[in-house]
Amino acid sequence: MKFKTKGLVLGMMAATAFSSVALAEDWEGEAKDAWIDGKLEGSYLLNSELDGFRIDTEVKAGKVTLSGAVPSEAHKELAGEIANNLDGVASVTNNLVVASEGDAYSDKDRDFSTRFYDMTTTVGLKSNFALNSELEAHEINIDTAAGVVTLEGEVKTEAEKMLAEEIATSYDHVSQVQNNLRVTAGR
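## Here we look at the overall build of the protein
- Of regular secondary structure, the protein possesses five helices and seven strands.
- Tracing the protein from N to C terminus, the helices and strands come up as α-α-β-β-α-β-β-α-β-β-α-β.
- Per-residue burial for the protein yields a buried fraction of 40% across its 187 residues.
- The long-range fraction of contacts in the protein, counting pairs at least 24 apart against all pairs at least 6 apart in sequence, stands at 68%.

## Overview of the pairing of strand β5 (residues 140–145)
- Of the two faces of β5, only the one carrying I140, I142 and T144 is buried; N141, D143 and A145 on the other face are not.
- Note: β5 against strand β6 (residues 148–155), six bridges, orientation antiparallel. Along β6, the bridge assignment pairs T144 with V149.
- Once β5 ends, the chain turns through two residues before running back antiparallel as β6, passing A146 with a positive phi of about 55°.

## Description of helix α2 (residues 29–46)
- Between its first and last C-alpha, α2 extends 26 Å over 18 residues, near the 26 Å set by a 1.5 Å rise per residue.
- What α2 keeps buried is the set A31, D33, A34, W35, I36, D37, G38, L40, E41, G42, Y44 and L45.

## Things to note about the sheet that holds β5
- Pairing is mixed in the open sheet, where three strands are placed in the order β5-β6-β7. Unpaired on one side and paired on the other, β5 and β7 (176–183) mark the two borders of the sheet. This sheet shows a mean twist of 10° between the axes of neighbouring strands, independent of strand direction.
- In terms of strand pairing, β6 meets β7 through eight bridges, oriented parallel.

## Digging into the side chain of T122
- As for its placement among the helices and strands, T122 is situated in helix α4 (residues 112–131).
- In terms of polar contacts, T122 uses its side chain to reach the side chain of T144, at 2.7 Å.
- Sequence-distant contacts of T122, defined by excluding residues within four places in its chain, comprise E41, I142, D143 and T144.

## A closer look at the environment of S175
- By the secondary structure assignment, S175 is in the loop between α5 (158–169) and β7.
- C-alpha of S175 to C-alpha of A146: the two residues are 29 residues apart in sequence and 8.3 Å apart in space.
- Once you skip the residues sitting within four places of it in the chain, S175 turns out to touch A146, G147 and V148.

## A short note on the packing of α2 against helix α3 (residues 73–84)
- Contact geometry for α2 and α3: axes closest at 10 Å, N-to-C directions at 140°. The angle between the axes of α2 and α3 places the two elements in the oblique class. At the point where α2 passes α3, the crossing takes the right-handed sense. Contacts from L40, S43 and Y44 of α2 reach α3 at A79, G80, I82 and A83.
- Split by residue class, the contact of α2 with α3 holds five nonpolar, two polar and no charged.

## Quick word on α5
- For α5, with 12 residues, the first-to-last C-alpha span of 16 Å sits near the 16 Å given by 1.5 Å per residue.
- Here α5 has its buried residues at E160, K161, L163, A164, I167 and A168. Angular distribution of buried residues about the axis of α5 spans 165°; they occupy a single face of the element. The exposed residues of α5 that point more than 90 degrees off its buried face are A159, M162 and E166.

Calculation notes
- Residues numbered from 1 in each chain as written.
- Predicted model: local features only at pLDDT ≥ 70, side-chain atom pairs only at ≥ 80, totals over all residues.
- Heavy atoms only, no water.
- Helix = DSSP H or I, 4+ residues; strand = E, 2+ residues; numbered from the N terminus.
- Buried < 20%, exposed > 50% of the residue type's maximum accessible area, 1.4 Å probe, protein only.
- Contact = heavy atoms within 4.5 Å.
- Pairing = 2+ DSSP bridges.
- Expected span 1.5 Å × (residues − 1).
- Axes fitted to C-alpha atoms, helices over the stretch in contact; angles between N-to-C directions.
- Polar contact = N/O pair within 3.5 Å; in protein donor to acceptor, adjacent residues only side chain to side chain.
- Parallel < 35°, antiparallel > 145°, perpendicular 65-115°, else oblique.
- Left-handed = near helix turned anticlockwise from the far one by under 90°.
- Nonpolar A, V, L, I, M, F, W, Y, C, P; charged D, E, K, R; others polar.
- Arc of directions from axis to C-beta.

Shown next as structure tokens:
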């Protein structure tokens, strides 16, 4: 029963990814960066060797920066290779660190469905932000844990800050939004 559910979920994700490929070829700038970011995070989610919830990705002008923790040097190299092999990626800066023995590396208290909803929420919000002409999505970092979305980064106005929070609050599976965005007028 679990295999069928997982297979159905993976099939739905693949169909969505393949149907958006044609759209992505026409995207430019921030929208394309968000698409690459979502594709990369989805790749980590589907990879059985990596914990995509411990790898943070940032994409600016096709340049990928990886940060977070992985259990070994081999995992770090794998994450970098996956990013390097995605279409549209110009370069990869791999700032992943190898966790020391005893570090709390894994989320033992989060089941697959919670982690899946968190990942899809983050990816979906990144896409929504990138497609919204009133936000500079590349300046906003989004993390989701157990339905709580945390927004970090900079925006130009208080209106942008409120809009980002409103979009996140209304998204499926979001129970709370921690809006840590900083308003930097005159950027």
